[in-house]
Amino acid sequence: MKILGTGSAIPTKVVTNQMLSEFLDTSEEWIVPRTGIHSRHVISSENLEDFGVKAALNALEMSGLGVEDIDYFICSNVVNEYVTPSMSCIIASKIGLTCPCVDINCACPGFIYALDIAESRYLAGKSKNILIVCVEEPTRMCSWEDRSTCVLFGDGAGAVVLGEGDNIKGIELHSQPDPNKIWETRTLEPTPYITKEEHSTPMQMRGREVFKFAVNASTRDVESLLSTIGMKKEEVGYYMVHQANKRIIDAIKQYLGESDEKFPTNIEDHGNSSSASCPILLDECNRRGLFKKGDILVFSAFGAGLLSGVAVLEW
Ligand code: COA
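Note that residues are indexed from 1 along each chain, following the sequence as it is written. Predicted model: local features are reported for residues with pLDDT of at least 70 only, side-chain atom pairs are reported and counted for 80 or more only, and whole-chain, interface and lining totals are derived from all residues. Hydrogens and waters are ignored; side-chain quantities use all the structure's heavy atoms.

Caption draft 1: Structural view of the packing of aromatic side chains. Any two of the Phe, Tyr and Trp rings considered here, Trp counted by its six-membered ring, make a pair once their centres fall within 6.5 Å; the pair's planes then place it as stacked at under 30 degrees, edge-to-face at over 60, or tilted in between. Under the defined criterion, the tally for this structure stands at 5 aromatic pairs. Note on Tyr239 and Phe263: the rings are 4.8 Å apart at their centroids and 15° apart in plane angle, and the pair reads as stacked. One end of the pair, Tyr239, is in strand S11 (residues 238–241); the other, Phe263, is in the loop between helix H7 (246–256) and helix H8 (267–270), with 24 residues separating them in the sequence. Each residue is placed in one exposure class: buried if its accessible area under a 1.4 Å probe, protein chains only, is under 20% of its type's maximum, exposed if it is over 50%, and partly exposed if it falls in between. With relative accessibility at 6%, the residue Phe263 sits in the buried group. Chaining the aromatic ring pairs together yields one cluster made of Tyr238, Phe291 and Trp315. Definition used: whenever NZ (Lys) or CZ (Arg) falls within 6 Å of the ring centre and also within 35 degrees of the ring normal, the charge is taken to sit over that ring. Here the basic side chain of Arg121 rests over the ring of Tyr72, its NZ or CZ set 3.8 Å away from the ring centre. By definition, any uninterrupted DSSP run of H or I lasting at least four residues is a helix, any uninterrupted run of E lasting at least two residues is a strand, and each is numbered from the N terminus.

See the structure below:
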């Protein structure tokens, strides 16, 4: 497939490190050197689905396609206020899409998992034009009394419209199942028969272990896919790495032996917006004219599961 349009939307509320230090035992001096994050966009009065709608409409407008041209819609999302219907159906109802809708929850690498589903459907002859929207509010998953998690995240949505083309050069997905590295639980409605003890727990994370997983997985995934498709690192124009932590991105850069200019970032004022991170970065870079036709973009993302994925795309 080929990316025909990109879009994104983020909340207006900006929360700086200074604002966090007013109610948390944290500081700019701790957060910036360890994460690279200066501020993040946080949902306040808005509904998450409206960011998905805006990102989708922006991507559709750029693509030149109308909603009637889209024949499959994939929404990547970890949490939202609806258990049912799916987020894709909620967004579809607001933009007038009537094609099949599916939600995936693949945590931070959700965009790459969605690209894989899209490309597989296209190659199977089942779809021609596919909309992907990654829409996330990880700030609603953390305890805002837990300084080790809430400082890391920001909310928002990123979208792409894919159409006919052979610009996706390869995708590789990996899993290393371990539910005890990043997790959050919620209790369901009680029934007269439930006898087990249940608890709701805000997001918990083994930060150092996740850090190591992220660096190792990304480096391995990128090298493996480039080797499979016979591409050299010198041919890569940009690495679009999941914006989880600037130190993670720097370590990946160092292990790959690549230069700063190849790694655009927006973590400084977004934080980690889960699966929306890669498509928001893509849209921002695209709209400021960073890419030229023929550039090779390598997307790499990793997160809860533990899951990771990499995709190589020619612009
Ligand atoms: N402000 C001030 N101090 C903080 C803090 C904060 N926001 N968060 C944690 N600390 C403290 C800890 O309480 C700990 O204090 P102690 O030594 O008195 O117990 C100390 O800083 C060191 O904590 P540690 O967790 O070892 O720090 P770290 O250097 O590993 O950095 C992360 C923590 C979360 C920034 C880092 O582990 C990380 O980025 N991991 C990956 C997270 C991630 O990207 N997850 C999503 C992947 S998709």
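Caption draft 2: Structural view of unusual backbone geometry. With an omega of 5°, the peptide bond between Thr84 and Pro85 qualifies as cis. Checked against the element boundaries, Pro85 lands in the loop between strand S4 (72–76) and helix H4 (87–95). The step from Gly305 to Leu306 runs through a cis peptide bond, and the omega angle for that step is 0°. Examined against the element boundaries, Leu306 turns out to sit in the loop between strand S12 (296–303) and strand S13 (307–314).

Caption draft 3: Region of interest: the packing of helix H3 (residues 48–63) against H4. Contact pair H3 / H4: the axes reach a minimum separation of 9 Å and the direction vectors enclose 60°. As far as their axial angle goes, H4 and H3 are oblique. The interaxial crossing formed by H3 with H4 has right-handed handedness. Mapping the contact onto sequence places Leu48, Glu49, Asp50, Gly52, Val53, Ala56 and Leu57 in H3 and Met87, Ile90, Ile91, Lys94 and Ile95 in H4. Each residue gets one label: Ala, Val, Leu, Ile, Met, Phe, Trp, Tyr, Cys and Pro are nonpolar, Asp, Glu, Lys and Arg are charged, and the others, such as Gly, are polar. Residues belonging to the contact of H3 with H4 are distributed by class as follows: 8 nonpolar, 1 polar and 3 charged. Comment: axis = line fitted to C-alpha atoms, over the contacting stretch for helices; angle = value between 0 and 180 degrees taken between N-to-C directions. Angle categories: roughly parallel below 35 degrees, roughly antiparallel above 145, roughly perpendicular from 65 to 115, and oblique for all the rest. Helix crossings get a hand from a simple test, with the near helix turned counterclockwise from the far one by less than a right angle marking a left-handed crossing and a clockwise turn marking a right-handed one. Note on contacts: a residue pair is in contact if any heavy atoms of the two residues lie within 4.5 Å.

Caption draft 4: Quick peek at the site of the ligand. Throughout this document, a residue counts as near a molecule or strand when at least one of its heavy atoms sits within 4 Å of that molecule or strand. As a structural note, the neighbourhood of the ligand is formed by 22 residues, with Thr26, Arg147, Gly207, Arg208 and Asn245 the closest of them. Between the ligand and the protein, one listed contact pairs an oxygen atom with a side-chain N or O atom of Arg147 at 2.8 Å. By the criterion applied in these results, polar contacts are pairs of N or O atoms within 3.5 Å in which, for protein atoms, one can donate a hydrogen and the other can accept it, and in which residues neighboring in sequence qualify only through two side-chain atoms. In the model, a nitrogen atom of the ligand is placed 2.9 Å from a nitrogen or oxygen of the Gly207 main chain. Contact with the protein chains hides 74% of the accessible area of the ligand, taken as 960 Å² for the molecule alone. A 1.4 Å probe and the Shrake-Rupley method give the accessible areas. Residues count as covered only by the protein chains that appear here.

Caption draft 5: View of the state of the cysteines. Any pair of cysteine sulfurs within 2.5 Å is marked as a disulfide. Counted according to the given criterion, the structure contains 0 disulfides. Counting only cysteine sulfurs, Cys134 is the nearest neighbor of Cys75, a cysteine outside any disulfide, at a range of 7.5 Å. Using a relative accessible area of 0% as the deciding quantity, one classes Cys75 as buried. With no disulfide of its own, Cys108 lies 9.3 Å from the sulfur of Cys278, the closest cysteine sulfur.

Caption draft 6: Up close: the pairing of strand S1 (residues 2–9). Where burial is concerned, most of S1 is hidden: 6 out of the 8 residues are buried. The pairing of S1 with strand S7 (residues 156–163) spans 7 bridges and is classified as antiparallel. Within S7, the residue paired with Thr6 across the bridge is Val160. Two strands qualify as a pair provided DSSP detects at least 2 bridges between them.

Caption draft 7: Quick look at the sheet that holds S13. Overall, mixed pairing links the 4 strands, which are arranged S8-S13-S12-S11 in an open sheet. One side of each edge strand has no neighbouring strand; the edge strands of this open sheet are strand S8 (168–175) and S11. When strand polarity is set aside, the average angle formed by the axes of neighbouring strands in this sheet is 10°. Inspection of the sheet shows S8 paired to S13 by 7 bridges, in the antiparallel sense.

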